[in-house]
Number of protein chains: 4
Amino acid sequence: MKRNKTPVYYGDYLQLDKILGAQKMQSANYGDPAHDEMLFVIVHQVYELWFKQILHELNAVITVFNQDEIPDNALIEVVHRLHRIIQIQQLLNDQISVMETLTPQQFLAFRDYLVPASGFQSIQFKRLEISLGLKREFRIDFDKQSFYNRLTAEDRQILEELESKPSLFELVEKWLARMPLMEQDEFAFWQHFKNASDDCLESDKNIIENNETLSDKEKRQELKDLESTRQSFAALFDKNAYRKLNEDGTFRLNHEAMMAMLFIKQYPEEPIFNLPFQLITALTEIDEKLTIWRYRHAMMVQRMLGTKIGTGGSSGHQYLKKTTDSNRIFVDFFNAASFLLPKDMLPPLPEQVKDYFGFYKKK
Amino acid sequence: MKRNKTPVYYGDYLQLDKILGAQKMQSANYGDPAHDEMLFVIVHQVYELWFKQILHELNAVITVFNQDEIPDNALIEVVHRLHRIIQIQQLLNDQISVMETLTPQQFLAFRDYLVPASGFQSIQFKRLEISLGLKREFRIDFDKQSFYNRLTAEDRQILEELESKPSLFELVEKWLARMPLMEQDEFAFWQHFKNASDDCLESDKNIIENNETLSDKEKRQELKDLESTRQSFAALFDKNAYRKLNEDGTFRLNHEAMMAMLFIKQYPEEPIFNLPFQLITALTEIDEKLTIWRYRHAMMVQRMLGTKIGTGGSSGHQYLKKTTDSNRIFVDFFNAASFLLPKDMLPPLPEQVKDYFGFYKKK
Amino acid sequence: MKRNKTPVYYGDYLQLDKILGAQKMQSANYGDPAHDEMLFVIVHQVYELWFKQILHELNAVITVFNQDEIPDNALIEVVHRLHRIIQIQQLLNDQISVMETLTPQQFLAFRDYLVPASGFQSIQFKRLEISLGLKREFRIDFDKQSFYNRLTAEDRQILEELESKPSLFELVEKWLARMPLMEQDEFAFWQHFKNASDDCLESDKNIIENNETLSDKEKRQELKDLESTRQSFAALFDKNAYRKLNEDGTFRLNHEAMMAMLFIKQYPEEPIFNLPFQLITALTEIDEKLTIWRYRHAMMVQRMLGTKIGTGGSSGHQYLKKTTDSNRIFVDFFNAASFLLPKDMLPPLPEQVKDYFGFYKKK
Amino acid sequence: MKRNKTPVYYGDYLQLDKILGAQKMQSANYGDPAHDEMLFVIVHQVYELWFKQILHELNAVITVFNQDEIPDNALIEVVHRLHRIIQIQQLLNDQISVMETLTPQQFLAFRDYLVPASGFQSIQFKRLEISLGLKREFRIDFDKQSFYNRLTAEDRQILEELESKPSLFELVEKWLARMPLMEQDEFAFWQHFKNASDDCLESDKNIIENNETLSDKEKRQELKDLESTRQSFAALFDKNAYRKLNEDGTFRLNHEAMMAMLFIKQYPEEPIFNLPFQLITALTEIDEKLTIWRYRHAMMVQRMLGTKIGTGGSSGHQYLKKTTDSNRIFVDFFNAASFLLPKDMLPPLPEQVKDYFGFYKKK
């Protein structure tokens, strides 16, 4: 039986002496104590504790994806852990409402004592971004430049080492690209898929042209947008064209991964694809919740500082808003919807694929 | 100008070395590392950080109520801080969903290493309960007995000292009891109030008697309930009867405080009562959210342990459910609704009271 | 291609003339218009719309479980729909905060015009309860009696017919009871399981006996609780003993279903059990969220009415609180935790079972 | 006593025949029934019911602000109603998670039957925008053009009439501009304010210049931003400069309103300013929650359609993202933080102002 030799006391187990002894106010430090600095400190400490938990789950997930073959039960565990991350993210987003009980004036009572500390210096948050797959080249200008010179040498090294390792994005991409089943009948499937999709695009064209509520200018715009959708769609069947769109950032996933992902999103209810579908959906949720957090965070900063500079000496709000969209990672999972077909237009799955499904028959 | 002499670094300011260095797993300790113990540790540490913040606000509020006269701007600050507590409580309640991503089996992987640690030993939570006004005599049997023998001498002393100080409940009661304006026209007001209320009770009686959808047994039950409402209502105008109901716990507030509270709840839109009304409402919210937390927590424990004993060696679920209702503090603020009148049945406020309202006239 | 012949207009499609034309105020009706009655009406109408959606999903789920054999892709769809119900329930619970912006006094301005209408009369909510598996015999006294005489003959008939049909609880019970794999190696498994569990119970006994923080009275209580856990556990291996506990309501699931459920909860990460595990977890969530809704709803009613009777002429709060716990349906899924083993104490799954798992090997 | 003559039945009162009889599926209409269209219909109907409630509260608020003099108790009621709107908005935002349980593929099963219906055609949502203060000139290009030609003549007229009436923004602006107390001591106050603020801006300049972590390019950018903050700040004291920034949209509030708003935000805890402060904060919340809703809605559409066109024949996602920021209304309330001073740098409020505060002294 599991049993601990020495009895455990709640406060010792949680090391509450450290946890509850780690709130030192800068304002008090300078003989100008501000009641509300405590909230500022604790909100950030809670964020860091949650980041640690998210990294704990994320690293376990990455370890799984570092294997060449991933057994289903490992995948089940992965999905469970990603769902836990999503639950935590929900708290992180709602937590902004707690921070917003700090009025601009309450913040001003101690803000100037924090110079030049900055949220940029949260190593765990940067680790989170890098582990998910945010690469330097995707960082926006401002960030690219000062991403590192705000950090201690030690912290900088941690992040640079991490950047040299494969991210979850890259590992998931590899895993998608080697999905079994993608070879067999692929050709037939994609041929059928292409024809059906062409019909859809054609029909969308008609919708636009026959929509009297649109002005001519709007129609032209719509048709232009549709045309670019048609081109990126065509690129799915033309490796060279795809590579170009991959390089210019229209697609982030490589060709094989993109095709596998589309295959999975077309057959979410096929038992064989259900776990992969759950995985893709979970990663979409994580990306979405992180993006919403960035957006809410940017608004909160505007509400607290207006156009003032942040304690780190950067106009927080403007910068933060820029990163909201540019720092998305699994955006292909969102855009994939552009290429999906209604269930009843899908080619049937061949029998030998069906054979893999369900276990009742097996008896 | 405020300015710090030495530059601040994010990680140092938040003492992340302590915060992020305070997760030691018992399972690892015994060479049987359990991935999910991290979640268990961090969820509890986050709870403790929030408890510290709530106590920080609560103590500031108690300091204000310790004064004999409370200026309005102090009351405004109090309401602001109580609203902050409510926002935090919302997170505490939602956080249970994160804990529920820990399956019973994942918990069993390390639970036995935690004996006999227990949530009972959270001193901050006990401080929170005591500061709000939960007194020993209100604790349920089980709790009353082992409330203290699970604690270290040091922790026990902290709580015993706290229990000797006035709680927020007692201070708010005092403040209500000395509300200005309660003397003048009180008689006229309450006379009118009593008559109107008697009509209401009479009309409720008719509703019951003429409700064919009720069985005779139900009608008898309803009329019995109504009668006890009528009696506690009558007690409002009979100090001796009131004292009895106060002693048997039907009412927790003393007579003066109860009457003031009813007065305030009757005229929430009178500027002079608006701040007190906001205060009462905020305390009601805090009590409600704390009660919901207890209830959700009890269900979570049942889901995790079933009828198994907790690590502290007590059948958690059963006990926790008992405390859910018994540990409520401002329950009079809820039950007050029993005695309220519709606006259009209220006696008019006398002119000299009206004079206090608004500042436009003043010009 | 799918295409509608006649163009659709947003307002016509959603029949907004009906939806937005269905708010008639009783207070206005009687020449005493109350601004806040609108909130009361709309909050209830929104509840009814969500109930319709939940019933729409629930009936689709029940249709699936009415089949003798349920293919995996049907099960995947079922889980998806249950998760949708959970998302909606989250809104239903949070919606109480909107209702709570209606103060007791605002409610009193129109409450008396609603007599004897009552939430009891929400046929959709009763359908929801009955479809899930709430049977008359489980209803508490008050409810049992007046469950029907508050309804029109027509509504009564709808519910009586529904009660004659199998509920989701009964169908899931059947499906669990016929789970494949339960025969093979069952004996060996349960033998091993029993031994391991006996050790656990023994060790829990030690925890209690060696816990100095417990008073003697408490220890006796704890050991009594443990003994009853031990007995219900023993009943798992004694069909007669089980039937007794099944009849007295300790267990609601029949023996076969209970054993299958425990098997599934022991091996959640085995691909073959993952879908069933997701299903069980989803039903647990639904039961939990419904229970929390009942609890929050009861508190809201107390806050609005105190001990006053509701418009239906029944003391809402008291009654509602009674139903909170008594009306739970899948409570066995919660209590199951009493009997689970840590992963490392589990008997290994035999090879021929393993063969069913994963599809990579298949190539 | 209030009493209804004829007894009320739950279903009749809520007109559930209309509410629950208003779901007609286009897919069924065309003999191609799609299970998930029900969710799509009901989610939108719930939105419309909440919009009706929000408009109900908003119109009551606008009626109050249409008066020349607003007594405090009216203001208290206004704040209460705005808080109710905020609670409802929280549901509207969370409701997106329910919509997101509709997979792209499930949506495609009926999307083409809805052409050319579009959310643009929600008259209530447009009324909400216009009532709050969104004017044509603030609408983005696309919207400006087709804002009306998607609507029936009747709907168009409703909106055009509404646009001719004063919006909440305009009425609040008027109310702020005529705030009492703004005349007396204004000069002294603003003089002191200006000096203190100049110091703050100067100190911010130092922060930037001494921040080694910034690259030269960044420093230049920061100083440029600071300079424009300084200019808009200077404009507060130069009516001509202000008018220019007002015309170019940097400020939306007129000069008097802006100054009053800053005055209020500087002294939130002065009883005389507390209600106005609560009002400003509530409007900030409403604007923020509406903006977050737009943002989440845009992401949801991208997830559902990718770059596909919406049923209305417009590339939903791109358009919706553009409106997220451009359609903000009370953005000055956010940016105000740029100009606030720490409490301890504020000029003291003159005695005769203090005299208005508190009522205890009055005895």
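Residues numbered from 1 in each chain as written. Chains lettered and ligands numbered in written order. Predicted model: local features only at pLDDT ≥ 70, side-chain atom pairs only at ≥ 80, totals over all residues. Heavy atoms only, no water.

J.: How do you make sense of the relation of the copies chain A and chain B when you look at a structure like this?
T.: Here two copies of a chain appear, and what relates them is a rotation about an axis with a shift along it. Take chain A, turn it by 180°, move it 0.0 Å along the axis, and it overlays chain B with an RMSD of 0.0 Å. Given the turn and translation reported, the copies of this chain are related as if by a two-fold rotation axis. The share of interface residues of chain A whose copies in chain B are also at the interface is 100%, consistent with both copies meeting through the same surface. (Least-squares fit on C-alpha atoms with pLDDT ≥ 70 in both. Contact = heavy atoms within 4.5 Å.)

J.: Is there a simple way to explain the interface of chain D and chain A in this structure?
T.: Accessible area lost during the coming together of the parts is what is often quoted as the interface size. Taken together, the contact between chain D and chain A spans 68 residues of the former and 68 residues of the latter. Carbon and sulfur atoms supply 49% of the area buried between chain D and chain A, which totals about 6000 Å² over both sides. Connecting chain D to chain A are six salt bridges. Between Arg111 of chain A and Asp204 of chain D there is a salt bridge, with the nearest N and O atoms lying 3.3 Å from each other. Across the contact surface, chain D and chain A share 14 residue pairs in polar contact (both at pLDDT 80 or more). Contributing elements (two or more residues each) for the side of chain D that touches chain A: helix H6 (104–111), helix H8 (141–146), helix H11 (186–209), helix H12 (216–235), helix H14 (255–266), helix H15 (271–305), helix H16 (316–326) and helix H17 (331–335) of chain D. Split into classes, the residues belonging to the side of chain D that touches chain A amount to 24 nonpolar, 23 polar and 21 charged. (Buried area = accessible area lost by both parts, 1.4 Å probe. Salt bridge = Lys/Arg side-chain N within 4 Å of Asp/Glu carboxyl O. Polar contact = N/O pair within 3.5 Å; in protein donor to acceptor, adjacent residues only side chain to side chain. Helix = DSSP H or I, 4+ residues; strand = E, 2+ residues; numbered from the N terminus. Nonpolar A, V, L, I, M, F, W, Y, C, P; charged D, E, K, R; others polar.)

J.: Explanation requested: the interface of chain A and chain B in the structure shown.
T.: Facing 75 residues of chain A, the contacting portion of chain B comprises 75 residues. Linking chain A with chain B are two salt bridges. Among the ionic pairs, Asp36 of chain A bridges to Arg84 of chain B, the shortest N-O distance being 2.8 Å. Linking chain A with chain B are 50 residue pairs in polar contact (both at pLDDT 80 or more). Those elements that place two or more of their residues in the side of chain A that touches chain B are helix H1 (10–13), helix H2 (16–19), helix H4 (37–65), helix H5 (72–99) and helix H6 (104–111) of chain A. Among the elements that make up the side of chain A that touches chain B, the one with the highest residue count is H4 of chain A (18 residues). Grouping the constituent residues of the side of chain A that touches chain B by class yields 34 nonpolar, 24 polar and 17 charged.

J.: Hey, could you run me through the relation of the copies chain D and chain A in this one?
T.: The two copies are related by a screw operation: chain D maps onto chain A through 180° of rotation and 0.0 Å of translation along the axis, at an RMSD of 0.0 Å. Of the interface residues in chain D, 100% have counterparts in chain A that sit at the interface too, so the contact is made through matching surfaces.

J.: Hey, could you run me through helix H4 (residues 37–65) of chain D in this one?
T.: Note that an α-helix has 3.6 residues per turn; residues three or four places apart therefore point the same way. Taking 1.5 Å as the rise per residue, H4 of chain D with 29 residues should run 42 Å; its terminal C-alpha atoms sit 42 Å apart, in good agreement. Most of H4 of chain D sits inside the fold, with 26 of its 29 residues counted as buried. (Expected span 1.5 Å × (residues − 1). Buried < 20%, exposed > 50% of the residue type's maximum accessible area, 1.4 Å probe, protein only.)

J.: It is not clear to me how the packing of aromatic side chains should be interpreted in this structure. Could you clarify?
T.: Between two aromatic rings, the relevant description is the distance of the centres plus the angle of the planes. Applying the stated criterion to the full structure yields 78 aromatic pairs over all chains. With centroids separated by 5.4 Å and ring planes inclined at 20°, the aromatic side chains of Phe330 of chain D and Phe333 of chain D adopt a geometry described as stacked. For Phe333 of chain D, a relative accessible area of 1% puts it in the buried group. An aromatic cluster is present here, built from Phe193, Phe233, Phe237, Tyr242, Phe251 and Phe339 of chain A joined pairwise through their rings. A cation sits over an aromatic face here: Arg252 of chain A above Phe169 of chain A, 4.3 Å from the ring centre. (Phe/Tyr/Trp six-rings, centres within 6.5 Å; stacked < 30°, edge-to-face > 60°. Lys NZ or Arg CZ within 6 Å of the ring centre and 35° of its normal.)

J.: Would you mind showing me how to read the packing of helix H5 (residues 72–99) of chain C against helix H5 (residues 72–99) of chain D here?
T.: Angle between the axes and distance between the axes: these two values describe a pair of packed helices. Look at H5 of chain C against H5 of chain D: their axes get within 10 Å of each other, and the N-to-C directions meet at 180°. Overall, the two elements H5 of chain C and H5 of chain D adopt an arrangement that is roughly antiparallel. From H5 of chain C, Gln87, Ile88, Leu91, Asp94, Gln95, Ser97 and Val98 of chain C reach across to H5 of chain D, where they touch Gln87, Ile88, Leu91, Asp94, Gln95, Ser97 and Val98 of chain D. (Axes fitted to C-alpha atoms, helices over the stretch in contact; angles between N-to-C directions. Parallel < 35°, antiparallel > 145°, perpendicular 65-115°, else oblique.)

J.: Mind showing me how you'd approach the UniProt feature "binding site: heme" (unreviewed entry) in chain A here?
T.: All names here are of chain A. Sites flagged by UniProt as "binding site: heme" (unreviewed entry) map to His297. Mapped onto the elements of the fold, His297 is located in helix H15 (residues 271–305). Not counting residues up to four positions away in its chain, the partners in contact with His297 are Ile96 and Leu320. (UniProt positions renumbered as here; feature names shortened; annotations may be inferred.)

J.: Any chance you could explain the confidence of the model for chain A here in plain terms?
T.: Parts of the prediction with low pLDDT should not have their coordinates interpreted in detail. Residue and element names in this part refer to chain A. Overall, the prediction assigns chain A a mean pLDDT of 87, with 87% of residues at 70 or greater. The low-confidence segment residues 356–363 (pLDDT under 50) makes 24 contacts with residues lying over four places distant or belonging to another chain. Our summary of model confidence lists the complex with pTM equal to 0.95 and ipTM equal to 0.93. (pLDDT = per-residue confidence, 0-100.)

J.: Quick question: what am I supposed to make of the pattern of salt bridges here?
T.: Proximity of charged atoms lets side chains of opposite charge pair with each other. Applying the stated criterion across every chain, the model contains 69 salt bridges over all chains. When the shortest N-O distance is used, the salt bridge between Glu227 of chain A and Arg230 of chain A registers 3.4 Å. You can see Glu227 of chain A and its partner Arg230 of chain A sitting in helix H12 (residues 216–235), three residues apart, about one turn around the helix. Judged by its relative accessible area of 35%, Glu227 of chain A falls in the partly exposed class. For Arg230 of chain A, a relative accessible area of 24% translates into the label partly exposed. Notably, a salt bridge pairs Arg111 of chain D with Asp112 of chain D, separated by 3.1 Å at the nearest N-O pair.

J.: Could you clarify how one ought to interpret the UniProt feature "binding site: substrate" (unreviewed entry) in chain A in this entry?
T.: Per the UniProt record, "binding site: substrate" (unreviewed entry) is annotated on Phe40, Val41, Ile42, Val43, His44, Arg111 and Thr311 of chain A. Within the secondary structure layout, Ile42 of chain A lies in helix H4. If we ignore the near neighbours within four places in the chain, the residues touching Ile42 of chain A are Gln23 of chain A together with Leu49, Trp50, Lys52 and Gln53 of chain B.

J.: I keep staring at unusual backbone geometry and nothing clicks. Help me out?
T.: Note on backbone geometry: most residues besides glycine have negative phi, and most peptide bonds are trans. Cis peptide bonds are those with omega within 30 degrees of zero, and the linkage from Val115 of chain C to Pro116 of chain C qualifies with -10°. Inspection of the secondary structure assignment puts Pro116 of chain C in the loop between helix H6 (104–111) and helix H7 (123–132). Not every positive phi belongs to a glycine, and Gln15 of chain B is a case in point at roughly 50°. You can see Gln15 of chain B is positioned in the loop between helix H1 (10–13) and helix H2 (16–19). Judged by its relative accessible area of 11%, Gln15 of chain B is buried.

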